[in-house]
Amino acid sequence: MTIYLAFFEAHIDPIFRKDTNKTIGDTLIALAYPNLILIGPPPQFADLIIDVKKEGLLIEPDKYPLYQFLEENPEFCESMILRHAGLREVFEEWMSK
């Protein structure tokens, strides 16, 4: 398991692993396939949309658990953290503990 997937594992409680979205810190992460959408934190709302479309993968928007998607496609964990300042800040704080 990569450190980036471990971060999401630590921040998505097992009870919420069937959800299609999750707020970490002040950043909302939503799987709306073929995109991961990151919104926040306020007041800047530095939104980010990451195209995660994969050949042969058919998922209806808002119908697939975010955690399951990240577990099956861990390469997107690093991309989200490195590209979104709000999420990166929470990640760096988590790493320092």
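Structural data are supplied above this passage.
Residues numbered from 1 in each chain as written. Predicted model: local features only at pLDDT ≥ 70, side-chain atom pairs only at ≥ 80, totals over all residues. Heavy atoms only, no water.

(A) View of a negative patch on the surface. Side chains of Asp26, Glu89, Glu92 and Glu93 sit close together on the surface and give a patch of like negative charge. Residue position: Glu92 is located in helix α4 (residues 85–95). For Glu92, a relative accessible area of 49% gives the class partly exposed. (Patch = residues over 30% accessible without salt bridge, like charges linked within 9 Å, V, L, I, M, F, W, Y side chains within 5 Å. Areas by Shrake-Rupley, 256 points an atom, 1.4 Å probe, with all protein chains shown as cover. Salt bridge = Lys/Arg side-chain N within 4 Å of Asp/Glu carboxyl O. Lys, Arg positive; Asp, Glu negative; His and termini not counted. Charge placed at Lys NZ, Arg CZ, Asp CG, Glu CD. Helix = DSSP H or I, 4+ residues; strand = E, 2+ residues; numbered from the N terminus. Buried < 20%, exposed > 50% of the residue type's maximum accessible area, 1.4 Å probe, protein only.)

(B) Here's a closer look at the sheet that holds strand β1 (residues 21–24). The strand order across the open sheet formed by four strands is β1-β2-β3-β4, and the pairing between neighbours is antiparallel. Two strands close off the open sheet at either side, each with one partner strand: β1 and β4 (48–51). Ignoring strand direction, the axes of neighbouring strands in this sheet form an average angle of 15°. As judged from the five bridges shared by strand β2 (residues 27–32) and strand β3 (residues 35–39), these two strands associate in the antiparallel manner. Bridge pairing in β3 links Leu28 to Ile39. On top of the sheet, α4 reaches β1, β2 and β3; it is set at about 115° to β2, its chief contact. (Pairing = 2+ DSSP bridges. Axes fitted to C-alpha atoms, helices over the stretch in contact; angles between N-to-C directions. Contact = heavy atoms within 4.5 Å.)

(C) Molecular detail of α4. Inspection of α4 places Gly86, Leu87 and Phe91 among the buried residues, and these make up the whole buried set. End-on, the buried residues of α4 take up no more than an arc of 135°, which puts them together on one face. Among the structural elements, α1 (3–11), β1, β2, β3 and α3 (75–83) are those in contact with the buried residues of α4. (Arc of directions from axis to C-beta.)

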